[in-house]
Amino acid sequence: MAVTFQQAQRVGCTLLKALLRFAFMVANNLVAIPSYVLYLIVLQPLRVLDSKLFWYIEGVLFKWLLAMVASWGWWAGYTVVEWGDDVKAVSEDEAMVLVNHQATGDVCTLMMCLQDKGTVVRQMMWLMDHIFKYTNFGIVSLIHGDFFIRQGKAHRDQQLVLLQEHLEKYYRSRNRKWIVLFPEGGFLRKRRETSQAFAKKNNLPFLKHVTLPRLGATQVILKTLVAQQENGTPAGRDAVIKESKSKGLQWVIDTTIAYPKGEPIDIQTWILGYRQPTVTHVHYRIFPIKDVPAEPEALTHWLYQRFIEKEDLLTHFYETGAFPPLQGQTKAVSRAMTLSNLWLVGIQSLAFLSGGMWYCILQYFYHCLF
């Protein structure tokens, strides 16, 4: 079939746009990430004198970096509509966020939709696959205090010990509020077959849109970060909690990401923008921590139920194009998440100005020394 001039022109425009967007992303990273690192190096004396203020500033810079990533998708027309509970109501409380995992674009989507949730982004901790440590954003996550977890049975026990140590050392000393994890332990397309085989063997529901979650990291987080309650519900480490005067984890936010037609966005699409403008749908359900069991068997059942519910939510979404209403509601209510273009332009401008400033400073010192 012959290619028409209009088709060739459209393909050419798409390739040119993708090339320009890639060049902008590279430039963005070359100025923003070194600037983040250099600002924090210069501020090291403040870390000794006033650690709280240092990590506040670091959190603001971290939020701006995530906003830059969000802007790549936002300006490509990749937007978010939110459903379910309003998580802004718990944005100042400690919470564990459980998210289904379909593609690399899930992280970008969260970076976007959490931007307007108060202080959440600058005070959050991510649990992510260790491979992300070796990406361009790895140095930022290392400094911020995110945790990189190795998958696989051979590493599992050791990784859970390291996670507990990491939480005890960094979570409250850096005033973190939300901790985000993907309990499935990998992308849907990679884990679905194994999960279904496990479900069949253990007489568990057959899931197509999610996989059965793994318990380990969730259990460690609850054990370490949940404060002892007056009614005797299970607790984490009291010494850490009392020192920071924290109430401990108060909520679990069950977050379900859905893409139109079940076609997830990956990081390449987010950067290059070659896919047509797409609305990603994010559903939230908030559970008080007192409703989450501590015993391993009960917690496993509770966690499985959350992902069985996710399966039902996604099935309903793929059939109707909308999530079902919450219990007690007659109609589901959606909220279009928005970002200010002026604010995004301001942050990008500051990044490039900072990059230019640091280049001039380093050039000056280089000529002075050599």
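Computed from a predicted structure; not experimentally measured.

**Re the pairing of strand E2 (residues 95-99)**
Buried residues dominate E2, accounting for 5 of its 5 residues. Burial along E2 is two-sided: the face carrying Ala95, Val97 and Val99 and the face carrying Met96 and Leu98 are both buried. Two strands pair when backbone bridges link them, and E2 and strand E6 (residues 251-258) are joined in this way by 5 bridges, in the parallel orientation. If you follow Val97 over to E6, its bridge partner there is Ile253.

**Some words on the packing of aromatic side chains**
Aromatic rings considered in pairs are described by the distance between their centres and by the relative angle of their planes. Applying the stated criterion across every chain, the model contains 11 aromatic pairs. Geometrically, the ring pair formed by Phe24 and Phe352 is tilted, given 6.0 Å between the ring centres and 35° between the ring planes. Taken together, the residues Phe24 in helix H1 (residues 5-42) and Phe352 in helix H12 (residues 341-369) connect sequence positions 328 residues apart. Note on Phe24: relative accessible area 30%, which makes it partly exposed. Ring plane angle 75° and centroid distance 6.0 Å describe the contact between Trp83 and Phe323, whose orientation is recorded as edge-to-face. With Trp83 in strand E1 (residues 78-84) and Phe323 in the loop between helix H11 (296-320) and strand E8 (334-336), the pair connects residues that are 240 residues apart, well separated along the chain. Of the two residues examined, Trp83 and Phe323, each falls in the buried class. An aromatic cluster of three or more residues is present, and its members are Trp83, Phe317, Tyr318 and Phe323. Looking at Arg306, its charged tip hangs above the ring of Trp302, at a distance of 4.7 Å from the centre.

**Here's the deal with the packing of helix H3 (residues 51-74) against helix H4 (residues 105-113)**
The axes of two packed helices give the description: the angle between them and the distance between them. Contact pair H3 / H4: the axes reach a minimum separation of 8 Å and the direction vectors enclose 105°. By the angle between their axes, H3 is roughly perpendicular relative to H4. On the side of H3, the interface is formed by Leu66, Val69, Ala70, Gly73 and Trp74, while H4 contributes Cys108, Met111 and Met112. Of the residues belonging to the contact of H3 with H4, the class tally is 7 nonpolar, 1 polar and no charged.

**Regarding the UniProt feature "transmembrane region" (unreviewed entry) in the protein**
In the numbering adopted here, UniProt assigns the feature "transmembrane region" (unreviewed entry) to residues 20-41, 53-75 and 342-366. Here residues 342-366 runs as 100% helix and 0% strand, with 36 Å between its end C-alpha atoms.

**With respect to the sheet that holds E6**
Pairing within the open sheet is mixed, and its 8 strands lie in the order E4-E3-E5-E2-E6-E7-E1-E8. Both edges of this open sheet fall to strand E4 (147-149) and E8, since each of them pairs with a single strand only. When strand polarity is set aside, the average angle formed by the axes of neighbouring strands in this sheet is 25°. Contacts between H11 and the sheet are confined to E2, E6 and strand E7 (278-288), with E6 contributing the most and set at about 35° to the helix.

**Comments concerning the nonpolar core**
Considering soluble globular proteins, one finds that nonpolar side chains tend to be buried as a cluster. Counting residues in hydrophobic clusters, the biggest one holds 58 residues, and the most contacted among them are Trp126, Trp178 and Ile253. Counting residues per element, this core draws most heavily on H3, which supplies 12 residues. Setting aside anything within four residues of it in sequence, one finds Trp126 in contact with Phe62, Leu66, Val107, Leu110, Met111, Asp146, Phe147 and Val180. One finds Met125, Leu167, Tyr171 and Leu222 within the second-largest nonpolar core, a separate group that totals 27 residues.

**Regarding the pairing of strand E3 (residues 124-129)**
Of all the 6 residues making up E3, 5 are buried; the element is thus mostly covered by neighbouring parts of the structure. Here 3 bridges tie E3 to strand E5 (residues 178-181), and the two strands are oriented parallel to one another. Bridged to Met124 within E5 is Trp178. Where E3 lies against E4, 3 bridges are found, and the strand directions are parallel. In the sheet register, Leu127 faces E4, and the bridge partner there is Phe147. This β-α-β element, E3 to helix H5 (residues 138-144) to E4, shows right-handed connectivity.

**Some points on a nonpolar patch on the surface**
Taken together, the side chains of Met357, Ile361, Tyr364, Phe365, Tyr366, Leu369 and Phe370 define a hydrophobic patch exposed on the protein surface, amounting to about 830 Å² of accessible area. Checked against the element boundaries, Tyr366 lands in helix H12. The partly exposed category is assigned to Tyr366, whose relative accessible area is 47%.

**So, H11**
Since the α-helix advances by 3.6 residues per turn, residues separated by three or four positions end up pointing in the same direction. Compared with an ideal rise of 1.5 Å per residue, which puts 25 residues at 36 Å, H11 spans 36 Å between its outermost C-alpha atoms and is within 8% of the ideal. At the C-terminal side of H11, Gly321 shows a positive phi close to 85°.

Calculation rules
Residues numbered from 1 in each chain as written. Predicted model: local features only at pLDDT ≥ 70, side-chain atom pairs only at ≥ 80, totals over all residues. Heavy atoms only, no water. Buried < 20%, exposed > 50% of the residue type's maximum accessible area, 1.4 Å probe, protein only. Helix = DSSP H or I, 4+ residues; strand = E, 2+ residues; numbered from the N terminus. Pairing = 2+ DSSP bridges. Phe/Tyr/Trp six-rings, centres within 6.5 Å; stacked < 30°, edge-to-face > 60°. Lys NZ or Arg CZ within 6 Å of the ring centre and 35° of its normal. Axes fitted to C-alpha atoms, helices over the stretch in contact; angles between N-to-C directions. Parallel < 35°, antiparallel > 145°, perpendicular 65-115°, else oblique. Contact = heavy atoms within 4.5 Å. Nonpolar A, V, L, I, M, F, W, Y, C, P; charged D, E, K, R; others polar. UniProt positions renumbered as here; feature names shortened; annotations may be inferred. Core = buried A, V, L, I, M, F, W, Y, C linked by side-chain atoms within 4.5 Å. Right-handed = clockwise from strand over helix to strand, strands pointing away. Patch = residues over 30% accessible without salt bridge, like charges linked within 9 Å, V, L, I, M, F, W, Y side chains within 5 Å. Areas by Shrake-Rupley, 256 points an atom, 1.4 Å probe, with all protein chains shown as cover. Salt bridge = Lys/Arg side-chain N within 4 Å of Asp/Glu carboxyl O. Expected span 1.5 Å × (residues − 1).

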